[in-house]
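# Working through the structure, step by step
For reference, the chains in residue letters:
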Amino acid sequence: MEREMEWWISMPKVELHAHLNGSIRDSTLLEFAKALGEKGVILFSDVEHVIRKNDRSLNEVFKLFDLIHIITTDHTKVTRITKEVVEDFASENVIYLELRTTPKRNDSIGMSKRSYMEAVVKGLRAVDAVDVNFAPHYLGEGNPLKFGPVSDICNGTTKRKIFVRLLLSIDRRETTADAMETVKLALEMRDQGVVGIDLSGNPTVGDWMTFLPALKFAREQGLSITLHCGEVPNPKEIQAMLEFLPERVGHACFFKEDHWENAKSSKIPV
Ligand SMILES: CNc1ncnc2c1ncn2[C@@H]1O[C@H](COP(=O)(O)O)[C@@H](O)[C@H]1O
């Protein structure tokens, strides 16, 4: 079992569905929660078991995300989490990572969607355990991604290399205007590794059509689109989402045969 695990870890991998705040180290989350507990902001004993719990229902998952957002959302923490998440994926030999996160506004601490994203980019720049490539460059014939270790000429060591591409998520609780703000921010941050827009959030909340204007605008401007799709049984939404031809869909737990055929014939990776 252990050797099998070693083999899995040693395989170079691509990770196409990582949520920043869904990939935080438990130890970091507990450390932050403890500090907030000491300040009296939360009751650590209430929170600890929620963080440590393994099997969660869909509703419990989204309650946990709300808690995580209370615990993590300040600029310094966002930067640290980003750095650790990239280092953790690289340590498992992920060589290409599509990392998504929902830009958050929190007026009480002077956080805007933009400053949240700047904290994320700062985290990417802070990684030094591996060489992080997140600057966009033309991907085409004659200019493919060059995977493999890179040499650090200064000290003669070889560092692993990871390609990171950022996606800005729209939460299904948001409004059309919020979504449009996220898309505009993504467009402004294209030179900092942002390649696309993700639609995520509790699948039982809201209507994806609310975000269609923003998603269409994003596409017109050349951003890629990834949709959380079929996480709950909603055949109409699944069909409409597939017809939109997103570059990726996530989950697909409730796809029926015709949805799979549709996704396959449209060559949409799940
Ligand atoms: C379990 N399946 C899922 N389905 C839908 N959305 C999900 C998700 N898992 C995570 N998210 C979305 O990602 C956010 C956390 O990361 P960020 O704060 O954006 O970095 C969650 O609040 C939710 O909106």
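Residues numbered from 1 in each chain as written. Predicted model: local features only at pLDDT ≥ 70, side-chain atom pairs only at ≥ 80, totals over all residues. Heavy atoms only, no water.

Under an unreviewed UniProt entry, the name given to the chain is Adenosine deaminase domain-containing protein, and the source organism is Vitis rotundifolia. Under the Cofactor (unreviewed entry) heading, UniProt states for the chain: "Zn(2+)". Comment text from UniProt for the chain, heading Catalytic activity (unreviewed entry), reads "N(6)-methyl-AMP + H2O + H(+) = IMP + methylamine". (UniProt positions renumbered as here; feature names shortened; annotations may be inferred.)

Before going further, it helps to spend a moment on the site of the ligand. Taken together, 17 residues lie around the ligand, and His69, Thr101, Thr102, Lys104 and Glu231 are the ones closest in. Here an oxygen atom of the ligand and a side-chain polar atom of His19 are 3.0 Å apart. The side chain of Asn21 places a nitrogen or oxygen atom 2.9 Å from an oxygen atom of the ligand. Of all the elements in the fold, those that place two or more residues in the shell around the ligand are α4 (58-72) and β2 (94-101). The dominant element in the shell around the ligand, judged by the number of residues it contributes, is α4, at 4 residues. (Near = heavy atom within 4 Å. Polar contact = N/O pair within 3.5 Å; in protein donor to acceptor, adjacent residues only side chain to side chain. Helix = DSSP H or I, 4+ residues; strand = E, 2+ residues; numbered from the N terminus.)

Bringing unusual backbone geometry into the picture now. The phi dihedral of Asn93 is positive, around 70 degrees, even though this residue is not glycine. Along the chain, Asn93 falls in the loop between α5 (75-91) and β2. Residue Asn93 is classed as buried on the basis of its relative accessible area of 16%. Here Ala252, not a glycine, exhibits a phi torsion of approximately 55 degrees, which is positive. Position of Ala252 among the secondary structure elements: in the loop between β9 (248-251) and α10 (257-265). Take Ala252: its relative accessible area is 4%, and that puts it in the buried class. (Buried < 20%, exposed > 50% of the residue type's maximum accessible area, 1.4 Å probe, protein only.)

Counted under the stated rule, the structure contains 4 aromatic pairs. Here the aromatic rings of Trp208 and Phe244 are separated by 6.0 Å at their centres, their planes lie at 80 degrees, and the arrangement is edge-to-face. Taken together, the residues Trp208 in the loop between β7 (194-200) and α8 (212-220) and Phe244 in the loop between α9 (235-243) and β9 connect sequence positions 36 residues apart. Above the plane of the ring of Phe32 lies Lys77, whose end atom (NZ or CZ) is 5.2 Å from the centre. Positioned above the aromatic ring of Phe244 is the side chain of Arg219, whose terminal nitrogen or guanidinium carbon lies 4.2 Å from the ring centre. (Phe/Tyr/Trp six-rings, centres within 6.5 Å; stacked < 30°, edge-to-face > 60°. Lys NZ or Arg CZ within 6 Å of the ring centre and 35° of its normal.)

This part takes up α9. Within α9 the residues assigned to the buried category are Glu237, Ile238, Met241 and Leu242. In an axial view of α9, the angular spread of the buried residues amounts to 130 degrees, which keeps them on one side of the axis. When the buried face of α9 is taken as reference, the exposed residues oriented beyond 90 degrees from it are Lys236 and Glu243. Contacts from the buried residues of α9 go to β7, β8 (224-229), β9 and α10. Directly beyond the C-terminal end of α9, a positive phi value near 60 degrees is found at Leu245. (Arc of directions from axis to C-beta. Contact = heavy atoms within 4.5 Å.)

Side-chain positions along a regular strand alternate between the two faces of the sheet. Of all the 8 residues making up β2, 8 are buried; the element is thus mostly covered by neighbouring parts of the structure. Pairing of strand β1 (residues 13-19) with β2, which is carried by 5 bridges, proceeds in the parallel orientation. Opposite Val14, over in β2, you have Tyr96 as the bridge partner. (Pairing = 2+ DSSP bridges.)

Closest axis-to-axis distance for the α9/α10 pair is 10 Å, and the angle between their directions is 10 degrees. Accordingly, the angle class assigned to the pair α9 and α10 is roughly parallel. Here Pro235, Ile238, Gln239 and Leu242 of α9 lie close against α10, whose contacting residues are His259, Asn262 and Ala263. Among the residues making up the contact of α9 with α10, the classes are represented as 4 nonpolar, 3 polar and no charged. (Axes fitted to C-alpha atoms, helices over the stretch in contact; angles between N-to-C directions. Parallel < 35°, antiparallel > 145°, perpendicular 65-115°, else oblique. Nonpolar A, V, L, I, M, F, W, Y, C, P; charged D, E, K, R; others polar.)

The subject of this paragraph is the pattern of salt bridges. Any two side chains of opposite charge can pair, on the condition that their charged atoms come close. This structure, assessed with the given rule, holds 19 salt bridges. Arg25 serves as the salt-bridge partner of Glu84, at 3.7 Å between the closest nitrogen and oxygen. Of this pair, Glu84 sits in helix α5 while Arg25 sits in the loop between β1 and α2 (26-38), and the two are 59 residues apart along the sequence. By relative accessible area, which is 28% here, Arg25 ends up partly exposed. (Salt bridge = Lys/Arg side-chain N within 4 Å of Asp/Glu carboxyl O.)

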